[in-house]
Amino acid sequence: MQYISTRDKNQRVSAAQAIAMGIAPDGGLFCPTEIPKLTQDDIRALCEKDYRGRSAAVIGRFLKEFSEEELAGFAAKAYADDRFGSSNTAPLVKTEGGKYILELWHGPTCAFKDMALQMLPHLLTASLRKTGETRTACILVATSGDTGKAALDGFADVEGTKIMVYYPVDGVSTMQKLQMVTQEGRNVQVCAIRGNFDDAQSAVKKIFTDPETLEKLDRQGMMLSSANSINWGRLVPQIAYYVSAYCDLITSGEIQMGEPMNVCVPTGNFGNILAAYFAREMGIPIKKLICASNENNVLTDFFTSGGTYDRKRPFHTTISPSMDILISSNLERLLFLASGYNDSAVAEMMKQLNETGSYTVPADIFAPIGELFESGCCDDAATCATIRRLFEQEHYLCDTHTAVAVSVYEDYRARTGDTTPTVIASTASPYKFCQSVIGALGGTVTTDGTELLDQLHEMTGTEIPKPLAALRGKQPRFDLVIDKEEILASTDLLAKL
Ligand SMILES: *Cc1c(COP(=O)(O)O)cnc(C)c1O
């Protein structure tokens, strides 16, 4: 198995090269040339394993240069009990109303990004070794909140790497900022940028394309790398939890082997739901993939319009900020796979998106996508109403992102009458978005900082996640705030780590 660019399938690399490079030189995303299949016997064997075993087995099918023992070692470290609280890494919880919630936020930063970003450092450092890279990999991250902390935690004190995170000074929640500025580790640096997320993102892109900076870093024995979901090494660990959820439905007797499930995912960059698509292509019987969006409903329009993607629309700031995104990068991989690796069609669509802000998928390419995917969106009011209803009627507390998925799933079920067991991906702990969740439950926010945790706890009687409780009394290590014009100069800090 090799990896090819979505924009030019003649660009072939190994799995380790794909992970080390992050993105193809032509701007395309790396995809495997074939998708490994799981038989029912394979699935039965996976049912016997714990999450670490399932993860190593699924990832191993895609990364031929990595041995099963090597991956088992990575999984043991990435999903260790002291990082995820228990060996039940990604529990499937059934609510009193019969909903299946896949809790992906038991990791050290309380968002689903940990599922991939605890694994990525192991995959990346091994890939660099396997490709003969000797320079120190410097991971640069622009974040609107969740990715920054998850990447810091994943890469802290990882040999051969340094990590630098840029966040918009006024664009992250209280808890997210606290999490980042108190990060420990010798090789980490956190920097606030005056401006919004787009300013931070475009400033970071400037570093990646500035020849002088790249050359300077090279002279100092450093190279740049990325930890966002265009990197295959971040996507592949996510496939495992959908396979694991199917195993859990079987072992708990909710369904019989071979019976279908649906999956519903609160979506931003399209990475998480694409991982579910890969699980289906591997042979997990998934009937429908339900793509849930907030008011930034560019994907809902894409699916319901029969394949027109149009990002020329107002950007909404919502209470589910990790889904506030108008360019869903990983959709490119879906178009490539669903079109039977039609690289020229994908390259043309991406060129149009870049030049005009929109594209329309040819009808024959869209047909199988339209068959498989369902979609829907909801606004902040519906998100809040869902949090409250779910808590009052089913005694389950969810965060704002998960609530978007629950709301869209309920609409789907009412519309279609489809009663297939549906796994709803829960992407963050409600305690990460205390202000919004307290408000949704009808409370008035009376505190700030880590006292918000106590207020939500007192209102709901639910448990405060240990990593967030541990922020109490922690001293900030980073207080640097820069203008975006200073971003190139800020890379000098990397040499000091
Ligand atoms: C990143 C994120 C999402 C969106 O996931 P994608 O893979 O970008 O679609 C949803 N919810 C939360 C809490 C997130 O952090």
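A short tour of the structure in this document, coming up. (Residues numbered from 1 in each chain as written. Predicted model: local features only at pLDDT ≥ 70, side-chain atom pairs only at ≥ 80, totals over all residues. Heavy atoms only, no water.)

Moving on, we come to the packing of helix α4 (residues 68-78) against helix α7 (residues 120-130). Closest axis-to-axis distance for the α4/α7 pair is 10 Å, and the angle between their directions is 145°. Between α4 and α7, the residues in contact are Glu 70, Leu 71, Phe 74, Lys 77 and Ala 78 and His 122, Leu 123, Ala 126, Arg 129 and Lys 130, respectively. Classifying every residue of the contact of α4 with α7 gives five nonpolar, one polar and four charged. (Axes fitted to C-alpha atoms, helices over the stretch in contact; angles between N-to-C directions. Helix = DSSP H or I, 4+ residues; strand = E, 2+ residues; numbered from the N terminus. Contact = heavy atoms within 4.5 Å. Nonpolar A, V, L, I, M, F, W, Y, C, P; charged D, E, K, R; others polar.)

For the structure on display, the rule yields 27 salt bridges. With a shortest N-O distance of 3.6 Å, Arg 83 and Asp 153 are connected by a salt bridge. Here the residue Arg 83 occupies a position in helix α5 (residues 81-84), and Asp 153 occupies one in helix α8 (residues 146-155), the gap between them amounting to 70 residues. (Salt bridge = Lys/Arg side-chain N within 4 Å of Asp/Glu carboxyl O.)

Here the focus is the layout of surface pockets. The gaps of empty space that remain are located by a probe, the size of a water molecule, rolled over the atoms. In this structure, the second largest pocket occupies an estimated 1,100 Å³ of space. As for the second largest pocket, its lining consists of 45 residues, and the residues nearest its centre are Arg 83, His 106, Gly 107, Pro 108 and Pro 467. Elements represented by at least two residues in the lining of the second largest pocket include exactly α5, α7, α8 and α22 (466-469). Looking at which element gives the most residues to the lining of the second largest pocket, the answer is α5, with four residues. Residues of the lining of the second largest pocket, tallied by class, amount to 17 nonpolar, 15 polar and 13 charged. (1 Å grid on protein atoms, 1.4 Å probe; cavity = no way out; pocket = protein on both sides within 12 Å on 5 of 7 lines; lining within 4 Å. Points joined across faces, edges and corners; volume = space filled by probe spheres on them.)

With that settled, the discussion passes to the packing of aromatic side chains. For the structure on display, the rule yields 17 aromatic pairs. Between the aromatic rings of Tyr 3 and Trp 232, the centroid separation amounts to 5.5 Å while the plane-to-plane angle is 50°, which identifies the pairing as tilted. Of this pair, Tyr 3 sits in strand β1 (residues 3-5) while Trp 232 sits in helix α12 (residues 232-251), and the two are 229 residues apart along the sequence. Residue classification places Tyr 3 among the buried positions, given a relative accessible area of 0%. According to the relative accessible area criterion, Trp 232 is buried, its value standing at 0%. (Phe/Tyr/Trp six-rings, centres within 6.5 Å; stacked < 30°, edge-to-face > 60°. Buried < 20%, exposed > 50% of the residue type's maximum accessible area, 1.4 Å probe, protein only.)

Of all five residues in strand β14 (residues 373-377), four are buried, a share of seventy percent or more. As paired elements, strand β11 (residues 286-293) and β14 share five bridges and run parallel to each other. What sits directly across from Ala 292, in β14, is Gly 376. (Pairing = 2+ DSSP bridges.)

Purely geometric stuff here, so don't read any function into it on its own.
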